[in-house]
Amino acid sequence: MGLSAAGMASGLDIAGMTQQLVAAERKPKSDRITTQQKQVNVSLSAYGQVKSSVSAMQSMLEKFGKDEAFNGQKATSDNSDYLSIKATAKAKSGVYNIKIQQMAQSHKLMGKESFSADPEASLGSGDMVIKVGDKSMTLNIGEDNDDLSSVVDAINNANDNPGVTATLINTGKDSGSQIVFSTKETGETNTIEIDTSAMTGQLASLAYKDGMVDSKVDEMQAAQDAKIRIDNFTTTISSSNNTFEDVIEGVTLDLKKLTGTAGSSNPETDDIDVKSVKITIENDEKSTKDSLKSFVDSYNSLTGTIDKLTGFDADKKPDDPNRAGALNGDSLTRSVSTQMRNLLNEPIEINGKLYQMSDFGISIQRDGTLELEEDSDKLDDIISENFAVIGQFFAKEDSGFLAKADKLLDSFTDKTDGSLSVKEDTLKERQKSLDDDMTDLNKRMVAYEDRTYKQFLAMDEAIGQMNNQLSSMMSLMMSFD
C-alpha cells in the first residue's frame with residue numbers, strides 16, 4: 001500500500017515506523033524459510049548429481065549387454081567388395097572360404113506392347129489378377145481407371161498388393177510406354193503371374209505365366225536365390241536374399257557380387273580373379289579390454305561423485321563452505337557405494353568354479369576405487385586365458401554381473417520406487433511447501449503492514465484531538481487571566 005511520509009497531527013514518520021515494524025516482523029520468518037529453501041535446493045541438486053551418475057553407469061552397463069562388450073567376436077572378410085560379415089557372441093572362432101555362386105535377384109517382366117500415355121485412352125476393362133509367390137490381388141479395371149497412369153497407380157497403391165511394383169518405361173515408340181513389373185523381394189519363390197483372362201482391350205496382352213506359349217510379356221530377369229559353398233563342401237547353400245544368417249552359427253554373411261570360377265567355360269565368371277573370400281572369426285579381445293577400462297572409469301567416476309558430495313575435509317576451516325559435502329553424513333547416498341562395493345566382492349559361479357573381479361585384473365583399492373592391471377601385456381594374457389569366462393561373468397543371463405548391477409542400480413533410479421527418485425520427489429514436495437510458506441508470509445505481511453499503518457493513523461488522529469483539546473484548555477486558562 002502507498003504510505004504517507006508523516007502524521008499530519010503528530011509529525012511522526014508513520015510510513016517509516018510502519019516499514020521498520022514490518023521488516024522486524026518479517027525478517028526472522030523470511031530468513032528461516034529462505035535458509036530452508038537453500039538447503040532443499042542444495043540437497044535436490046546434489047541428489048540429482050548422484051542419480052545422474054548412477055543412471056550414467058546403468059546406461060553403460062545396459063549398452064555393454066547389448067553390444068556383447070565382454071564376449072564379442074571379431075569377424076573379418078579378406079575382400080569386403082565381395083562379402084561382408086558380422087558376428088555375435090554365439091560365433092565360434094574359425095576360418096572359412098566362401099564361394100559366391102549366385103546372387104539373389106527379383107523377378108522382372110516387361111510387356112512387349114506399347115501403351116498410349118493419353119489420359120483419355122481406354123486400355124481395357126475387367127479383372128486383372130496378379131500373383132507373387134502364394135499371395136495375390138485382384139484389380140477391377142473400369143471406366144474410371146482404364147488409362148495407363150491409373151492402371152499403374154492401381155497396382156502400386158493396392159492395399160493387398162502381393163509385393164509387385166509397376167513402372168513405366170518410355171520407349172519412344174508410338175508415343176507410348178511399356179509396363180515393367182518387378183517383385184519387391186528377391187528369391188525364386190517370388191515369381192510373378194498375371195492373369196488377364198477376364199479382361200478386354202489392350203491390357204489383356206499382359207498375361208504371363210512361366211512356360212506360357214506366345215506370351216506378349218518378356219522375362220527381363222529371372223527370380224533366383226543366392227547360392228554359396230563353404231570350404232569346397234559339395235552342398236550348395238541357398239537363401240532367398242543376399243544375406244545368410246546363422247549358416248555358420250552366430251555369423252551373418254552379406255553377399256556383394258559373384259566370385260570367380262575356373263574351367264566352367266563361362267567367361268563371365270572364369271575371368272574373375274577372386275575365386276573365394278576368406279572369412280576369419282576370432283575373440284574380440286581388444287573390445288573386451290576397452291570395456292574393462294570403461295567399466296573401471298565409470299565406476300570410479302560414480303565413486304568420486306559420491307565421495308565429493310558426502311565427504312568431510314577436517315583440514316579446512318570451519319567457515320569454509322567446501323569443508324563438508326552437500327550430502328555429508330547422508331546414509332542413502334553412502335549406501336550406493338556400499339552396495340556396489342559388496343556386489344564387486346561377490347563371487348559368480350561359472351562352470352562350477354567361483355570367479356571374482358580380481359581374477360580379471362580388476363582390484364578394489366582402499367579408497368573404494370577400482371584399478372585395472374597396469375601392465376598391458378599381463379592384462380592381455382589375463383583376457384586371452386579367460387576370454388570365455390569373462391564373457392559369462394559379466395553377461396550371463398540373470399546371474400551375471402551386468403544383470404545383478406542393473407537390478408541393484410534400478411533400485412535407486414526407478415522412477416516409481418527407486419530410493420533416489422523417492423528422495424527427489426520428497427524434496428520437490430518440500431520445495432513447493434516452502435514456496436507456499438513464502439507466499440503466505442508475503443500475504444500476511446501485507447495485511448500486517450496495512451493494520452499497523454492504520455493503527456499509527458489512529459494514534460496520529462488521537463494525538464491531534466488531544467492537541468486540540470489542550471490548545472482549547474490553554475486558551476480558556478489564558479482568558480481567566
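Residues numbered from 1 in each chain as written. Predicted model: local features only at pLDDT ≥ 70, side-chain atom pairs only at ≥ 80, totals over all residues. Heavy atoms only, no water.

### Some points on the overall build of the protein chain
Applied cut-off: The helix count covers DSSP runs of H or I at least four residues long, the strand count covers runs of E at least two residues long, and both are numbered beginning at the N terminus. Only C-alpha atoms enter the radius of gyration; for comparison, a globular chain is expected to reach 2.2 Å times N to the power 0.38, where N is the number of residues. Each residue gets one of three labels from its accessible area relative to the maximum for its type: buried under 20%, exposed over 50%, partly exposed in between, using a 1.4 Å probe on protein chains only. Per-residue and other accessible areas follow the Shrake-Rupley method at a 1.4 Å probe size, with only the shown protein chains counted as cover for residues.
Each helix and strand counted, the protein chain has nine helices and 20 strands in total. Here the C-alpha atoms of the protein chain give a radius of gyration of 43 Å, more than 25% beyond the 23 Å that 2.2 N^0.38 yields for 481 residues. The C-alpha extent of the protein chain, read off along each of the three principal axes, is 150 × 75 × 35 Å. The buried share of the protein chain, taken over its 481 residues, is 39%. For the protein chain, the computed accessible surface area is about 26900 Å², with 46% contributed by carbon and sulfur atoms.

### Some details on the nonpolar core
The nonpolar side chains of a soluble globular protein tend to be buried, and buried together. Operational definition: Nine residue types can take part in a nonpolar core, namely buried Ala, Val, Leu, Ile, Met, Phe, Trp, Tyr and Cys, and a core is a set of them joined through side-chain atoms within 4.5 Å. Note on definitions: a residue-residue contact is assigned when non-hydrogen atoms from the two residues lie within 4.5 Å.
Formed by 55 residues in total, the largest nonpolar core has its most connected members in Leu61, Phe295, Phe394 and Phe401. Of the residues forming this core, the biggest block, 12 residues, is contributed by helix α1 (residues 14-67). Those residues in contact with phenylalanine 295, other than ones at most four positions away along the chain, are Met57, Met60, Leu61, Phe64, Leu344, Met357, Ile362, Leu370 and Phe401. Counting residues in each nonpolar core, the second largest holds 25 residues, with Phe115, Val152, Ile179 and Met199 among its members.

### Notes on the environment of threonine 252
By the element assignment, threonine 252 lies in strand β15 (residues 251-255). Counting along the chain gives 164 residues from threonine 252 to threonine 88, while the straight-line C-alpha distance between them is 8.6 Å. Once you skip the residues sitting within four places of it in the chain, threonine 252 turns out to touch Ser84, Ile85, Lys86, Thr243, Phe244 and Glu245.

### Details of the packing of helix α5 (residues 331-345) against helix α8 (residues 401-413)
The condition that has to hold: An axis is simply a line fitted to the C-alpha atoms; with a helix, the fit covers only the stretch in contact. Between two such axes, the angle follows the N-to-C directions and lies from 0 to 180 degrees. Reported orientations rely on four angle classes, namely roughly parallel under 35 degrees, roughly antiparallel over 145, roughly perpendicular from 65 to 115, and oblique for the rest. Asp, Glu, Lys and Arg are counted as charged, while Ala, Val, Leu, Ile, Met, Phe, Trp, Tyr, Cys and Pro are counted as nonpolar; the rest, among them Gly, fall into the polar class.
Interaxial distance between α5 and α8 falls to 11 Å at its minimum, and their mutual angle equals 170°. Classified by the angle between their axes, α5 and α8 sit roughly antiparallel to one another. Residues Leu332, Ser335, Val336, Gln339, Met340, Leu343 and Leu344 of α5 form the contact with α8, whose participating residues are Phe401, Lys404, Ala405, Leu408, Leu409 and Phe412. Its residues assigned to classes, the contact of α5 with α8 shows 10 nonpolar, two polar and one charged.

### Focus on the sheet that holds β15
What holds strands together in a sheet is hydrogen bonding between their backbones, with the strands either parallel or antiparallel. Here is the rule: If DSSP finds at least two bridges between two strands, the strands pair.
Read from one edge to the other, the open sheet built from three strands follows the order β2-β15-β14, with strand pairing classed as antiparallel. In this open sheet, the two strands that pair with only one neighbour each are β2 (83-87) and β14 (243-245). Between one strand axis and the next, the sheet turns through 15° on average, direction left out of account.

### Quick word on helix α2 (residues 148-157)
Rules: Directions from the helix axis toward the C-beta atoms define the arc.
Taken residue by residue, α2 has Leu148, Val151, Val152, Ala154 and Ile155 as its buried positions. The buried residues of α2 all sit within an arc of 160° when viewed along its axis, so they share a single face. In the core, the buried residues of α2 are packed alongside β5 (115-116), β6 (125-132), β7 (135-141), β8 (164-170) and β9 (176-183).

### Structural notes on the sheet that holds strand β3 (residues 94-102)
Taken together, the five strands give an open sheet; going across it, the order is β1-β16-β3-β12-β13, and neighbouring strands pair in antiparallel fashion. Edge positions in the open sheet fall to β1 (73-77) and β13 (237-239), since each of these has one partner strand only. Each strand of the sheet is rotated relative to its neighbour by a mean of 30°, with strand direction disregarded.

### Thoughts on the packing of helix α4 (residues 285-310) against α5
The geometry of a pair of packed helices is captured by two quantities: the angle between their axes and the separation between those axes. Basically, it comes down to this: Handedness of a crossing is defined here by the sense of rotation of the near helix relative to the far one, left-handed for an anticlockwise turn of less than a right angle and right-handed for a clockwise turn.
At their nearest, the axes of α4 and α5 sit 9 Å apart, and the two run at 150° to each other. One way to sum up the angle between α4 and α5 is to call them roughly antiparallel. Seen from above, α4 lies across α5 with left-handed handedness. For the pair formed by α4 and α5, the contact residues are Phe295, Tyr299, Ile306, Asp307 and Thr310 on the first element and Thr333, Arg334, Val336, Ser337, Met340, Arg341 and Leu344 on the second. Residue classes in the contact of α4 with α5 are distributed as six nonpolar, three polar and three charged.

### As for the pattern of salt bridges
For clarity, the threshold we go by: One side-chain nitrogen of Lys or Arg within 4 Å of one carboxyl oxygen of Asp or Glu is enough to make a salt bridge.
Here the structure, examined in full by the defined rule, presents 15 salt bridges. With a closest N to O distance of 3.0 Å, lysine 29 and glutamate 25 form a salt bridge. Within this pair, lysine 29 and its partner glutamate 25 are both found in helix α1, separated by four residues, close to a single helical turn. Its relative accessible area of 29% is what places glutamate 25 among the partly exposed residues. Across the salt bridge formed by aspartate 218 and lysine 112, the nearest N and O atoms sit 3.6 Å from each other. With aspartate 218 in strand β11 (residues 217-221) and lysine 112 in the loop between β4 (108-111) and β5, this residue pair connects regions lying 106 residues apart in the sequence. Take lysine 112: its relative accessible area is 41%, and that puts it in the partly exposed class.

### Quick look at the packing of aromatic side chains
What counts, and what does not: In summary, the pairing rule links any two rings of Phe, Tyr or Trp, Trp by its six-membered ring, whose centres are within 6.5 Å, and it sorts them by plane angle into stacked for under 30 degrees, edge-to-face for over 60 and tilted for everything else.
All told, the structure shown has eight aromatic pairs when counted by the stated rule. Pairing phenylalanine 64 with phenylalanine 70 gives two aromatic rings, centres 5.0 Å apart and planes at 80°, and the pair type is edge-to-face. Since its relative accessible area comes to 10%, phenylalanine 64 is described here as buried. A relative accessible area of 1% places phenylalanine 70 in the buried class.

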